[in-house]
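Results of the structural survey
One letter stands for each residue in the lines below.
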Amino acid sequence: MVRIEYVEAASSDEVLAALSQWGPDARLIAGGTDVLMDIRRGKYTPPVLIGITEIPELQGIRPTEGGLWIGAVTTHHAVTMSPLVLERYPVLASASGKVGSHQIRNVATIGGNICNAVPCADTAPALLALDAQAHVLGPEGKRVLPLDGFFAGPGRSVLARNELLLGFVLPDRLAGAGGSYHKHSWREALDIQMCGAAVVLTADPGDCRCLEARIALGTAGPVPRRADAAEAALKGAVVNEELASELGRIAAAEARPRTSARATEEYRREMIEVLVKRAILDALAHIKGARS
Amino acid sequence: MKEITLNVNGENHRLEIEPHWTLLYVLREKLDLVGTKEGCNAGDCGACTVLIDGKAINSCLFLAVRSEGRRIVTIEGLAQNGKLHPVQQAFVDVGAVQCGFCTPGMVLRAVSLLAENPQPDATEIRQAISGNLCRCTGYVKIVQAIELAAQDVTTGSGVSDE
């Protein structure tokens, strides 16, 4: 490893100043579990790492206007333990709890998981299904963008090199909605997903007719993505096992997985069908459970 | 080089480090605390586990420069006045150590688990140590050791470190 400088930023303005001073090769470091591995593997060698975990603005989980704020440098462990997340958006707690190991979750952050932008990021399908809004700061000021559209390709987001992800807002509208995240991997722990599926849905507690639905897939294409066709078929329909099976087939058909060392395209497609079905039935059980 | 002060096992160390050095590298190569092991160097095996402010982390994926102002505990810091920590003693009593390479990380993860959850069941123990690989024991004795240590904790012989 060649020499790399380190700057600890105390505020988001200091981050922008450091990015402007050091130029486009500078790297932000939050938990660092991906960044340090990328450097070790020679993927890039930044002249400087800019530490962002001490910035109060990027920390914490708290109610905010229209929803729940989750700071970009919140660790996965903090997400899984947060009473607010567990109560309102348990699907996200479940996804954060499936990242890496306990030791990794103690340092790795939710913002890092998203900015790293790999197709297999565990929190991506859950945040997509929760309609998360990403709050981003750049030299021109703040902008808010839906996470759906945040990913530009494998390992790439729409963030410019001089921008900083501040955090996410999850909408009040989906607080307490039925939700479930399923991940398929060879090992039950400390493994990267072959594919994943998150479902968030609201339904009439009486006849189980779906009011609003979000289905998002991991490792089902170059970027984490929503399953639009399956969502359209779910909305307004009565949710039951037969429908869940059908939606699994629709999601598998619209998914664009590829063959890699971890799994073949065909196997991934079959597993997406299974995971989507299971996630829908879990989300439905969640709704029925809340009713009784 | 950058000058930092690291608090390791209750002692402050003034050190000159390169900003990109990992905590694992500094512990082993600059402080001669070689109880912390380098296994995969990729966050997969947990052999490099240490406690930072009571939390288990992989020191191979943590920059030393970010450890300043925090309380670091390595395996060398667990025994007090020549007396093994209850988790260490349980590993000895049960026979949970074979080659020993995973043991420091396994013990520290167990210490942090019992601080969070003083009475874990076997499933919770297995989940908790899923980031610590052992290629010798098959984990059975390790799980037994942590169960025994948990009993010691509840009967008052006590895991004092958080």
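Cut-off values and rules
- Residues numbered from 1 in each chain as written.
- Chains lettered and ligands numbered in written order.
- Predicted model: local features only at pLDDT ≥ 70, side-chain atom pairs only at ≥ 80, totals over all residues.
- Helix = DSSP H or I, 4+ residues; strand = E, 2+ residues; numbered from the N terminus.
- Rg over C-alpha atoms; globule rule 2.2 N^0.38 Å.
- Contact = placed C-beta atoms within 7 Å.
- Pairing = 2+ DSSP bridges.
- Axes fitted to C-alpha atoms, helices over the stretch in contact; angles between N-to-C directions.
- Nonpolar A, V, L, I, M, F, W, Y, C, P; charged D, E, K, R; others polar.
- Domains from an automatic or database assignment.
- Core = buried A, V, L, I, M, F, W, Y, C linked by C-beta atoms within 7 Å.
- Buried ≥ 20, exposed ≤ 12 C-beta atoms within 10 Å, placed from the backbone.
- Expected span 1.5 Å × (residues − 1).

1. Some points on the overall build of chain A
When helices and strands are counted, chain A shows eleven helices and 14 strands. Whereas a compact globule of 292 residues would reach a radius of gyration of roughly 19 Å, chain A reaches 19 Å, a difference of no more than 12%. Along the longest, intermediate and shortest principal axes, the C-alpha atoms of chain A span 60 × 45 × 35 Å. When contacts within chain A are restricted to residue pairs at least 6 apart in sequence, those whose partners lie at least 24 apart make up 65%.

2. Considering the sheet that holds strand β6 (residues 133–138) of chain A
All names here are of chain A. The five strands are arranged β4-β5-β10-β6-β7 in an open sheet whose pairing can be described as antiparallel. Two strands in the sheet have a free side with no partner beyond their single neighbour: β4 (61–64) and β7 (141–146). The mean inter-strand angle of the sheet, taken between neighbouring strand axes irrespective of direction, is 30 degrees. By the bridge criterion, six bridges tie β6 to β7 in an arrangement that is antiparallel. The partner of Ala134 across the bridge, within β7, is Leu145.

3. Looking at the interface of chain B and chain A
Where interface size is given, it is often the accessible area lost as the parts come together that is meant. Taken together, the contact between chain B and chain A spans 21 residues of the former and 19 residues of the latter. Of all the elements in the fold, those that place two or more residues in the side of chain B that touches chain A are β4 (55–58) and α4 (122–128) of chain B. For the side of chain B that touches chain A, the leading source of residues is β4(B), giving four residues. Taken together, the residues of the side of chain B that touches chain A sort by class into nine nonpolar, eight polar and four charged.

4. Some words on the domain arrangement of chain B
Residues and elements named next belong to chain B. The domain boundaries assigned to chain B delineate domain 1 (2–77) and domain 2 (86–154). Taking the mean C-alpha position of each, domain 1 and domain 2 sit 21 Å from one another. On the side of domain 2, 13 residues touch domain 1, which itself brings 15 residues to the contact. Mapped by element, the contributors of at least two residues to the side of domain 1 that touches domain 2 are β3 (49–52) and β4. Looking at the side of domain 1 that touches domain 2 element by element, the count peaks at three residues for β3. Among the residues forming the side of domain 1 that touches domain 2, the class breakdown is seven nonpolar, six polar and two charged.

5. Quick word on the nonpolar core
Residues A:Leu130, A:Ala198, A:Ile215, A:Ala251 and A:Ile272 are the most contacted members of the largest nonpolar core, which totals 145 residues. Counting residues per element, this core draws most heavily on helix α11 (residues 265–291) of chain A, at nine residues.

6. As for helix α3 (residues 103–116) of chain B
Because each turn of an α-helix spans 3.6 residues, side chains separated by three or four positions end up pointing in the same direction. Residues and elements named next belong to chain B. Here α3 contains 14 residues, and its C-alpha end-to-end distance of 20 Å stays within 8% of the 20 Å for a straight helix at 1.5 Å per residue. Of all the 14 residues making up α3, twelve are buried; the element is thus mostly covered by neighbouring parts of the structure. Among the residues of α3, those classed as buried are Thr103, Pro104, Gly105, Met106, Val107, Leu108, Arg109, Ala110, Val111, Ser112, Leu113 and Leu114.

7. Some words on the sheet that holds strand β13 (residues 210–218) of chain A
Residues and elements named next belong to chain A. The strand order across the open sheet formed by four strands is β11-β12-β13-β14, and the pairing between neighbours is antiparallel. Only two strands of the sheet have a single neighbouring strand rather than two, namely β11 (178–184) and β14 (225–226). As defined by bridge partners, β11 adjoins strand β12 (residues 195–203) across seven bridges and the pair is classed as antiparallel. If you follow His182 over to β12, its bridge partner there is Ala197.

8. Description of the pairing of strand β10 (residues 164–171) of chain A
The side chains of a regular strand alternate between the sheet's two faces. Residue and element names in this part refer to chain A. Burial runs high along β10: seven of the eight residues are buried. Sheet topology note: the strand β5 (residues 67–71)/β10 ladder contains five bridges and is antiparallel. Looking at β10, one finds that Leu68 is bridged to Leu170. Across five bridges, the pairing between β6 and β10 is antiparallel.

9. Concerning helix α2 (residues 86–94) of chain B
The complete set of buried residues in α2(B) reads B:Pro86, B:Val87, B:Gln88, B:Ala90 and B:Phe91. Residue B:Gly95 follows α2(B) closely and has a positive phi angle near 85 degrees.

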